[in-house]
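Examining the three-dimensional arrangement
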Amino acid sequence: MTATVPPTPSHRPIPDPAGRVELPPGTELTDGRFVNDDLLPVPLARRRWTTYNFTALWVGMAHNIPSWLLASGLVALGMDWKQAVLTIALANVIVLAPMLLTGHAGPKYGIPFPVLARASFGLRGANLPAMIRAGVACAWFGIQTWIGGQGIFVLLGKIFGGWAEASEVGGRPWTLWVCFVLFWALELAIIYRGMETLRRFENWAAPFVIVGALVLLAWIAHKAGGLGPLLDQPSRLGWGADFWPVFFPSLMGMIAFWSTLSLNIPDFTRFGAGQRAQVWGQTLGLPTTMTLFALLSVFVTSGSQAVYGAPVWDPVALAARTDNVFGLLFALVTVLVATISVNIAANVVSPAYDLANLAPRVISFRTGALITGVVGVVIMPWKLTETPELYIFTWLGLVGGLLGTVAGILVADYWIVRRTALDLPGLYTPGGRYWYRSGWNPRAVAAFLIGGVLAVGGSHSAPGKGPFPEGGLIPFLKPLADYGWAVGLAASLLVYVALMAGHRRRA
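Criteria and thresholds
- Residues numbered from 1 in each chain as written.
- Predicted model: local features only at pLDDT ≥ 70, side-chain atom pairs only at ≥ 80, totals over all residues.
- Heavy atoms only, no water.
- Axes fitted to C-alpha atoms, helices over the stretch in contact; angles between N-to-C directions.
- Helix = DSSP H or I, 4+ residues; strand = E, 2+ residues; numbered from the N terminus.
- Parallel < 35°, antiparallel > 145°, perpendicular 65-115°, else oblique.
- Left-handed = near helix turned anticlockwise from the far one by under 90°.
- Contact = heavy atoms within 4.5 Å.
- Nonpolar A, V, L, I, M, F, W, Y, C, P; charged D, E, K, R; others polar.
- 1 Å grid on protein atoms, 1.4 Å probe; cavity = no way out; pocket = protein on both sides within 12 Å on 5 of 7 lines; lining within 4 Å.
- Points joined across faces, edges and corners; volume = space filled by probe spheres on them.
- Patch = residues over 30% accessible without salt bridge, like charges linked within 9 Å, V, L, I, M, F, W, Y side chains within 5 Å.
- Areas by Shrake-Rupley, 256 points an atom, 1.4 Å probe, with all protein chains shown as cover.
- Salt bridge = Lys/Arg side-chain N within 4 Å of Asp/Glu carboxyl O.
- Buried < 20%, exposed > 50% of the residue type's maximum accessible area, 1.4 Å probe, protein only.
- Expected span 1.5 Å × (residues − 1).
- Arc of directions from axis to C-beta.
- Phe/Tyr/Trp six-rings, centres within 6.5 Å; stacked < 30°, edge-to-face > 60°.
- Core = buried A, V, L, I, M, F, W, Y, C linked by side-chain atoms within 4.5 Å.

Looking now at the packing of helix H7 (residues 174–191) against helix H14 (residues 325–347). Packing of H7 against H14 brings their axes to within 10 Å, and their N-to-C directions diverge by 55°. On the basis of the axis angle, H7 is oblique to H14. Every pair of crossing elements has a handedness; the one defined by H7 and H14 is right-handed. Contact residues: H7 offers Phe 183, Leu 186, Glu 187, Ile 190 and Ile 191, while H14 offers Leu 336, Thr 339, Ile 340, Asn 343 and Ile 344. Residues that form the contact of H7 with H14 fall into these classes: 7 nonpolar, 2 polar and 1 charged.

Structure follows, in structure tokens:
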């Protein structure tokens with residue numbers, strides 16, 4: 001099939017008083033290489049997510065077990081609770097900026113992330129950042145599903161005696177694998193029903209998870225008669241020379257935790273009723289929620305130390321200490337809801353669109369979601385969370401560097417080069433404004449390569465703590481590795497703007 005001719009002046013995209021744009025009635029975009037129903041702009045009538053919807057989305061995504069464990073990972077690296085909470089709070093304020101900048105295109109044009117990326121990378125080149133984002137999301141989906149399956153396994157083990165003593169398969173009880181698979185299937189069943197089902201799920205999941213976390217705090221505070229001595233524990237790092245070498249890579253790791261969403265947030269904001277809804281919803285939902293959740297995790301863990309003599313950072317392991325069946329069932333449901341709410345929204349929606357962008361003729365949103373589920377198992381997520389060093393420095397640091405590089409190009413193109421003005425039909429039309437060279441923009445690719453090398457080229461690991469050489473992949477870039485996300489974003493943004501300016505002068 002071939003694309004329609006770009007619209008004549010009488011068929012230009014129609015803006016509304018709020019500045020939102022949609023395709024005019026009767027416009028046909030039929031080239032199956034770049035168009036399917038899931039990638040087309042959302043009509044104005046269907047852009048109705050409110051501030052509450054976006055706030056609830058972030059509350060639902062932020063209140064999950066890995067978020068709870070972020071503070072514990074930082075404390076395990078030597079920080080005290082104040083340093084850990086400060087690091088998490090600062091990281092989420094920083095990552096909010098690119099989140100709002102890339103999210104702007106969603107309510108205005110109704111397009112998902114891979115279609116927005118076509119403006120900078122080209123209609124075909126957009127598959128490069130889309131596949132990077134999809135690969136990261138598939139891995140995150142597997143990690144979250146594994147952690148959620150473990151939570152179900154632990155809590156069911158308390159309810160049904162002998163559950164944890166089942167015979168092993170692959171070094172783990174077969175009952176754990178059953179929990180993992182059942183939880184995996186439940187997640188895919190929900191997302192298969194579409195984005196409207198996700199919106200409704202997040203609306204009630206967010207307050208439910210908050211209540212569950214507060215119940216856990218009230219329970220442990222009651223048992224402890226207070227919050228215990230953990231809040232008085234000094235930092236092993238202090239605030240001097242030992243602190244900063246841990247702080248900066250940890251900050252980049254915390255930024256990387258949500259840097260994935262800073263790219264594909266248009267997948268959600270495309271349903272927004274306007275810019276005010278997405279700006280206020282995200283601002284109220286992300287940094288505040290993550291900071292309060294980090295504080296909550298510290299307070300609950302402090303109480304656990306007072307009760308059990310040692311801090312219990314894992315909320316599932318802590319909930320399993322109770323012998324009350326109702327309490328165990330409530331904790332089980334809370335773990336289910338919390339993990340599903342983040343995993344579907346953060347780690348299935350994006351790769352579903354990204355994979356649909358790769359082959360629109362054969363991959364729909366639902367098919368992409370199923371592919372995500374399969375890949376999330378194949379990558380063996382249980383290997384990625386074995387140690388704080390591997391999880392925070394290697395996995396999150398590497399991911400953050402690459403995604404920061406893509407974010408820099410998207411922000412530069414949309415805000416600096418194009419001043420938020422896009423040719424909406426051109427994003428789906430080969431041979432048009434965003435076709436560049438056979439569908440690829442070589443300037444975007446060059447900016448990505450330069451920014452990516454600077455961001456992750458110096459990746460290094462302590463002996464026996466990771467996959468990289470101690471001196472760094474590229475030794476002279478090692479000093480930049482601890483700032484991967486910031487280096488990648490700044491370098492790619494500057495290079496892309498310079499290359500596009502030179503291209504325009506020549507044109």
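Time to look at empty space enclosed by the protein. Taken as a whole, this structure holds 1 cavity of 30 Å³ or more when the rule is applied. Of the voids in this model, the largest cavity is the one considered here, and its volume is about 70 Å³. Looking at the lining of the largest cavity, the elements that each hand over two or more residues are helix H6 (127–159), helix H9 (244–264) and H14. Per-element accounting of the lining of the largest cavity gives the leading share, 4 residues, to H9.

What follows concerns the packing of helix H2 (residues 65–76) against helix H12 (residues 287–308). When two helices pack together, their arrangement is captured by the angle between the axes and the distance separating the axes. Contact geometry for H2 and H12: axes closest at 9 Å, N-to-C directions at 65°. Between H2 and H12, the angle falls in the class roughly perpendicular. Considering only the axes of H2 and H12, their crossing is right-handed. Contact with H2, carried on its side by Ser 67, Trp 68, Leu 70 and Ala 71, involves Met 290, Phe 293, Ala 294, Leu 296, Ser 297, Val 298, Val 300 and Thr 301 of H12 and no other residues of that element.

What follows deals with a nonpolar patch on the surface. The grouping of Val 169, Trp 174, Val 178 and Leu 182 at the surface amounts to a nonpolar patch, some 370 Å² of accessible area in total. When residues of the nonpolar patch are assigned to their parent elements, the largest contribution, 3 residues, is made by H7. Within the fold, Trp 174 resides in helix H7. The class of Trp 174 is partly exposed, set by a relative accessible area of 41%.

Let us look at the pattern of salt bridges. Summed over all chains, the structure comprises 1 salt bridge. One salt bridge in this structure joins Arg 418 and Asp 413, with 2.9 Å as the shortest N-O distance. In this structure, Arg 418 and Asp 413 share a single accessibility class: buried.

Another point: the environment of Leu 296. Among the structural elements, Leu 296 can be located in helix H12. Judged by relative accessible area, which is 11%, Leu 296 ranks as buried. Sequence separation between Leu 296 and Val 85 is 211 residues, and the spatial gap between their C-alpha atoms is 10.0 Å. Those residues in contact with Leu 296 that lie beyond four places of it in its chain are Trp 68, Ala 213, Leu 214 and Leu 217.

Further remarks concern helix H16 (residues 365–378). For H16, spanning 14 residues, the distance from its first C-alpha to its last is 20 Å, which sits close to the expected 20 Å at 1.5 Å a residue. Where H16 is concerned, the buried positions are Phe 365, Gly 368, Ala 369, Thr 372, Gly 373 and Gly 376. Buried residues along H16 cover an arc of 145° about the axis, so they all sit on one side.

Another aspect to go through is the packing of aromatic side chains. The description of an aromatic ring pair uses the distance of the two centres, along with the angle that the planes make with each other. In total, this model carries 17 aromatic pairs according to the counting rule given. Considering the side-chain rings of Trp 49 and Phe 271, the 5.8 Å spacing of their centres and the 25° angle between planes classify their relative orientation as stacked. Taken together, the residues span a long stretch of sequence, with Trp 49 in the loop between strand E2 (21–22) and helix H1 (51–62) and Phe 271 in the loop between helix H10 (266–269) and helix H11 (275–285) at a distance of 222 residues. For the pair formed by Trp 49 and Phe 271, the shared burial category is buried. One aromatic cluster in this structure is built from Trp 239, Phe 243, Trp 244, Phe 247, Phe 248 and Tyr 483.

Our focus in this paragraph is the nonpolar core. One finds Met 61, Leu 155, Trp 258, Leu 261 and Phe 268 to be the most contacted residues of the largest nonpolar core, which totals 108 residues. A total of 12 residues in this core trace back to one element, the largest contributor, which is H6. With near-sequence residues (within four places) excluded, Trp 258 lies in contact with Trp 58, Met 61, Ala 62, Ser 67, Asn 92, Val 95, Met 99, Leu 286, Met 290, Val 342 and Ala 346. Counting residues in each nonpolar core, the second largest holds 21 residues, with Phe 34, Leu 39, Leu 116 and Leu 422 among its members.

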